[in-house]
Amino acid sequence: EEEFKWLLQEEVHAVLRQLQDILKEASHRFALPTSGSGGAYKQENFVLSTSSTDQVKGVMTLQGDALCQADVNLKMPRNNQLLHFAFREDKQWKLQQIQDARNHVNQAIYLLMNRDVNYRFKTGLEVLKLMDAVMLQLSRARNRLTTPATLTLPEIASSGLTKMFTPALPPDILVNFYINLNKLCLTVYQLHVLQPSTTKNFKAAGGSVLHNPGATFEFGSQRYEVSHVHKVECVVPWLNDALVFFTVSLQLCQQLKDKISVFSSYWNYRPY
């Protein structure tokens, strides 16, 4: 009983402080403030390309959770024509995955700090409930980065992203940006129009993170087929840091839960 009392009154608080420190580091990775700029986000440039082909190259400028600049070069396979598109100067594209992950981290920090400095836990169940709540937020933060949204091709076609570029994207080009684990990804879809007289069996593609050549869809009373797909990506180092912090924090939470459960198998959670 004395051990259990010590666990509740001493070790739990030591673990909570450790978790707070780790998650504050994670939160700082998402904020990326510049020195002396009043909390403004610094801009980072990333070159998105692939070693296997030079069909698509992109230079992206990431500022916090927003793509504030994007330059894309696309070599058309039909005629080797080189197309160039860039974000309009008045446009930024919010990466909702980063924004959501940061919000979940901050919610986890709030849960850990939302008590008086002299607070003492009275039962093991109380600690387990707190750990479950923190782990839920951390799992959601991690999942937002590791699991990009599945979108249908019409959803990509109607997204505000298509209106971000100058010159305007031609109707046979679709683009999508997303985060996958620690990478910033750009997918470019080249389309061809399906004629009304085509004998091809038309079946609209469902939602997916990445659509394959041959996928068909209908948009604006016109039917299209994906002819080429180009995916380029690059590692964002601070996203990698954040994912490591999430993993370490989840392990700490689980270890504390396991210790509480060992004692709880001997006693029903008794107040002290």
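Residues numbered from 1 in each chain as written. Predicted model: local features only at pLDDT ≥ 70, side-chain atom pairs only at ≥ 80, totals over all residues. Heavy atoms only, no water.

Filter applied, for reference: UniProt positions are given in the numbering used here, feature names are shortened, and annotations may be inferred rather than shown by experiment.
As annotated in an unreviewed UniProt entry, the protein carries the name Protein rogdi homolog and is attributed to Zosterops hypoxanthus. UniProt annotates the protein under Sequence similarities (unreviewed entry) with the comment "Belongs to the rogdi family."

Thoughts on the sheet that holds strand E9 (residues 216–219)
Applicable threshold: One requirement defines pairing of two strands: DSSP has to find at least two bridges between them. Think of it this way: any DSSP run of H or I at least four residues long counts as a helix, any run of E at least two long counts as a strand, and we number them from the N terminus. In this analysis, axes come from line fits to C-alpha atoms, helices being fitted only over the stretch in contact, and the angle between any two N-to-C directions falls in the range 0 to 180 degrees.
With antiparallel pairing, the four strands of this open sheet are ordered in space as E7-E8-E10-E9. Since the sheet does not close on itself, it has two edges, and those belong to strand E7 (173–180) and E9, each with one partner. Within this sheet the neighbouring strands show an average axis-to-axis angle of 40°, counted without direction. Bridge count for E7 against strand E8 (residues 183–194) is eight bridges, and the pairing is antiparallel. Across the sheet, residue isoleucine 179 finds its bridge partner in E8, namely leucine 184.

A few points about the nonpolar core
Grouped burial of nonpolar side chains is what soluble globular proteins tend to show. In plain terms, the rule: Throughout, nonpolar core names a set of buried Ala, Val, Leu, Ile, Met, Phe, Trp, Tyr and Cys residues whose side chains join them through atoms within 4.5 Å. Buried means the residue's accessible area, taken with a 1.4 Å probe over protein chains only, is under 20% of the maximum for its type, while exposed means over 50%, and partly exposed covers the values in between. By definition in these notes, contact holds between two residues if any of their heavy atoms fall within 4.5 Å.
Core analysis: the largest hydrophobic core is formed by 63 residues, its most contacted members being Phe30, Phe165, Phe177, Leu186 and Phe246. Counting residues per element, this core draws most heavily on helix H5 (residues 237–264), at eleven residues. Residues contacting phenylalanine 30, with those up to four places away along its chain left out, are Gly64, Ile98, Ala101, Arg102, Val105, Leu145, Trp238, Leu239, Ala242 and Phe246. Judged by nonpolar contacts, the second largest core, of ten residues, contains Ile156, Ala157, Tyr189 and Tyr224.

Comments concerning the environment of leucine 125
Looking at where leucine 125 falls in the secondary structure, it is placed in helix H3 (residues 124–146). The spatial distance from the C-alpha of leucine 125 to the C-alpha of lysine 257 is 9.5 Å, given a sequence separation of 132 residues.

Quick notes on unusual backbone geometry
With an omega dihedral of -5°, the bond running from threonine 166 to proline 167 counts as a cis peptide bond. A positive phi angle, near 60°, is found at leucine 181, a position not held by glycine. In this fold, leucine 181 is placed in the loop between E7 and E8. For leucine 181, a relative accessible area of 43% translates into the label partly exposed. Phi is positive for serine 221, which is not a glycine, with a value near 65°. Structurally, serine 221 can be placed in the loop between E9 and strand E10 (222–235).

Structural notes on the pattern of salt bridges
Condition: The term salt bridge refers to a pairing of a side-chain nitrogen on Lys or Arg with a carboxyl oxygen on Asp or Glu at a separation within 4 Å.
Taken as a whole and assessed by the stated rule, the structure comprises ten salt bridges. Residue aspartate 65 pairs with arginine 102 through a salt bridge whose shortest N-O separation is 3.2 Å. Of the two residues, aspartate 65 is situated in the loop between strand E2 (56–63) and strand E3 (66–75) and arginine 102 in helix H2 (residues 96–113); the sequence distance between them amounts to 37 residues. With respect to class, aspartate 65 is no different from arginine 102; both count as buried. Two residues, arginine 88 and aspartate 90, come together in a salt bridge whose shortest N-O distance is 3.1 Å. Ionic contacts of the salt-bridge type, sharing partners, join the residues Glu25, Arg29 and Asp241 into one network.

A look at the pairing of E3
Strand residues, when the strand is regular, have side chains that alternate between the two faces of the sheet. Judged from the eight bridges that link them, E2 and E3 form a sheet pairing that is antiparallel. The partner of leucine 62 across the bridge, within E3, is leucine 67. Hairpin connection between E2 and E3: a loop of two residues separates the two successive antiparallel strands, and glycine 64 in this loop has a positive phi of roughly 65°. Note that E3 and strand E4 (residues 82–87) share five bridges and pair antiparallel. Its bridge partner being in E4, leucine 74 is matched across the sheet by leucine 83.

Re the packing of aromatic side chains
We apply this condition: Stacked, tilted and edge-to-face are the three classes assigned to paired rings of Phe, Tyr and Trp, where Trp is represented by its six-membered ring and a pair needs centres within 6.5 Å; plane angles under 30 degrees give stacked, over 60 edge-to-face, the rest tilted.
One pass over the full model with this rule turns up seven aromatic pairs. Between phenylalanine 85 and phenylalanine 165, the aromatic rings sit 6.5 Å apart at their centres with planes inclined by 75°, giving edge-to-face as the arrangement. Separated by 80 residues along the polypeptide, phenylalanine 85 in strand E4 and phenylalanine 165 in strand E6 (residues 165–166) bring together distant segments of the chain. When its relative accessible area of 4% is taken as the criterion, phenylalanine 165 is described as buried. Seen in terms of ring centroids, phenylalanine 87 and phenylalanine 177 are 6.1 Å apart; in terms of plane orientation they differ by 85°. Their pairing is edge-to-face. Note that phenylalanine 87 is positioned in strand E4 and phenylalanine 177 in strand E7, a separation of 90 residues in sequence. The buried category is assigned to phenylalanine 87, whose relative accessible area is 8%. Grouping aromatic residues by their ring pairs yields a cluster made of Phe85, Phe87, Phe165 and Phe177.

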